[in-house]
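Spelled out, the chains give:
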Amino acid sequence: MHRAEALLEKEYEYSEGLLTAMMPKAIADQLKRDKHKTIADRYESVTILFADLVGFTAKSSHRAPEEVIAFLNDLFTQFDQLAMEHGVEKIKTLGDSYMAASGLPHIQPNHTERMALFAIDMIEAARVFSEKMDEDFNLRVGFHTGPAVAGVIGTEKPFYDVWGDTVNTASRLESQGKTDCIQVTKVTKELLQDQFTFQKRGDVEMKGKGVQEVWYLTGRRAIRART
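This write-up is about the structure you can find in this document. (Residues numbered from 1 in each chain as written. Predicted model: local features only at pLDDT ≥ 70, side-chain atom pairs only at ≥ 80, totals over all residues. Heavy atoms only, no water.)

### A word on the pairing of strand β8 (residues 210-220)
In regular strands, side chains alternate between the two faces of the sheet.
Next up, step 1: The pairing of strand β6 (residues 181-185) with β8 spans 4 bridges and is antiparallel. Bridged to isoleucine 182 within β8 is leucine 217.
Next up, step 2: As defined by bridge partners, strand β7 (residues 196-206) adjoins β8 across 10 bridges and the pair is classed as antiparallel. Across the sheet, the residue bridging to phenylalanine 198 is leucine 217, located in β8.
Next up, step 3: Counted along the chain from β7 to the antiparallel partner β8, the turn is 3 residues long, and its residue glycine 208 has a positive phi close to 75 degrees. (Pairing = 2+ DSSP bridges. Helix = DSSP H or I, 4+ residues; strand = E, 2+ residues; numbered from the N terminus.)

What follows is the structure in structure tokens.
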């Protein structure tokens, strides 16, 4: 009996941990209290990031499936760790693409800055990853700040996701960006220009968005000592 109880407890802990790993803890806690509850929240300001490992699919085609998964798992585990360090929420992965958000489910006044620091660290992690694999892999990153809606879809396989124009814009910034670069909109650049440095790319025609003025985030400004 004690052995059966121990196994059940272990299974319960595993299920609890899995749910928490799939979505923010605050959201998971709500689902645990009522799995049929509709969870949907509107946020006035969040920052959404998309990143894509350019060329990974083609360049890894000659490798065994187990090796490909192991490499991706290694890199994305590093991204997950960086997300936790910066207070950023991983939303999902799709193949060799990574989506993250900051400013939800808890409001963070400095969520755009958190995402900028996360993006810079992602680029560096991908560079080290490329050297480790002895392959020329590059990360393409884009993020944008604005309003969004977030919630849980499904009851049997609940999935936490984010929707809205901010998400679409961030996705376009990534897909139409350049490798090893972090691309942002003018709106996001203006929120960060006191703490970070930028290089203007110019006007870019984005699908469904029209012409947008975009910038490359190039680094963090040096902190000047007070005299």
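Once you've had a look at it, read on.
### Details of the pattern of salt bridges
Next up, step 1: Using the criterion set out here, one finds 8 salt bridges in the structure.
Next up, step 2: Taking the shortest distance from any N to any O, the salt bridge between glutamate 174 and arginine 140 comes out at 2.8 Å. Of the two residues, glutamate 174 sits in helix α6 (residues 165-175) while arginine 140 sits in strand β4 (residues 138-153), which places them 34 residues apart along the sequence.
Next up, step 3: The class of arginine 140 is buried, set by a relative accessible area of 18%. (Salt bridge = Lys/Arg side-chain N within 4 Å of Asp/Glu carboxyl O. Buried < 20%, exposed > 50% of the residue type's maximum accessible area, 1.4 Å probe, protein only.)

### Considering the environment of glutamine 108
Next up, step 1: Relative to the helices and strands, glutamine 108 is located in the loop between β3 (97-102) and α5 (111-133).
Next up, step 2: Between the C-alpha atoms of glutamine 108 and valine 46, which are 62 residues apart in sequence, the distance is 8.4 Å.
Next up, step 3: Excluding anything up to four places from it in sequence, glutamine 108 contacts Gly87, Ser102, Gly103 and Arg114.
Next up, step 4: Among the polar contacts made by the side chain of glutamine 108, one reaches the main-chain amide nitrogen of glycine 103 at a distance of 2.6 Å. (Contact = heavy atoms within 4.5 Å. Polar contact = N/O pair within 3.5 Å; in protein donor to acceptor, adjacent residues only side chain to side chain.)

### Here we look at the nonpolar core
Next up, step 1: With 37 residues, the main nonpolar core has Leu49, Phe56, Phe79, Tyr98, Phe118, Leu139 and Phe143 as its most contacted residues.
Next up, step 2: Sorting the residues of this core by element identifies β1 (40-54), α4 (65-86), β3, α5, β4, β6, β7 and β8 as the ones contributing at least two each.
Next up, step 3: The element that contributes the greatest number of residues to this core is α5, accounting for 11 residues.
Next up, step 4: Every residue in contact with phenylalanine 118, bar those within four places of it in the chain, is listed here: Leu49, Phe79, Leu82, Ala83, His86, Val88, Tyr98 and Ala100. (Core = buried A, V, L, I, M, F, W, Y, C linked by side-chain atoms within 4.5 Å.)

### Focus: the side chain of serine 102
Next up, step 1: Within the secondary structure layout, serine 102 lies in strand β3.
Next up, step 2: Taking relative accessible area as the criterion, serine 102 reaches 0% and is therefore assigned buried.
Next up, step 3: A polar contact is formed between the side chain of serine 102 and the backbone oxygen of histidine 111, at a distance of 2.8 Å.
Next up, step 4: Those residues in contact with serine 102 that sit more than four places away from it in its chain are Val46, Thr47, Val88, Gln108, His111, Thr112 and Met115.

### Some remarks on the side chain of threonine 145
Next up, step 1: Residue placement: threonine 145 occurs in strand β4.
Next up, step 2: Here the side chain of threonine 145 touches threonine 112 through a polar contact of 3.2 Å, side chain to side chain.
Next up, step 3: When neighbours within four sequence positions are excluded, threonine 145 is seen to be in contact with Ser45, Val46, Thr47, His111, Thr112, Thr166, Val187, Thr188 and Leu191.

### What to know about the packing of aromatic side chains
Next up, step 1: Tallying each qualifying case throughout the model produces 5 aromatic pairs.
Next up, step 2: Summarising the aromatic geometry, the rings of phenylalanine 76 and tyrosine 98 are spaced 5.5 Å apart at their centres and angled 70 degrees between planes, so their arrangement reads as edge-to-face. Placement of the pair is phenylalanine 76 in helix α4 and tyrosine 98 in strand β3, with a sequence separation of 22 residues.
Next up, step 3: For phenylalanine 76, a relative accessible area of 10% gives the class buried.
Next up, step 4: Accessibility expressed as a relative area gives 1% for tyrosine 98, which makes it buried.
Next up, step 5: Taken together, the aromatic side chains of Phe76, Phe79, Tyr98 and Phe118 make up a single cluster linked through ring pairs.
Next up, step 6: If you follow lysine 189 out to its NZ or CZ, it ends over the ring of tryptophan 215, 4.2 Å from the centre. (Phe/Tyr/Trp six-rings, centres within 6.5 Å; stacked < 30°, edge-to-face > 60°. Lys NZ or Arg CZ within 6 Å of the ring centre and 35° of its normal.)

From the geometry alone we can't say anything about function, so treat these as descriptive.
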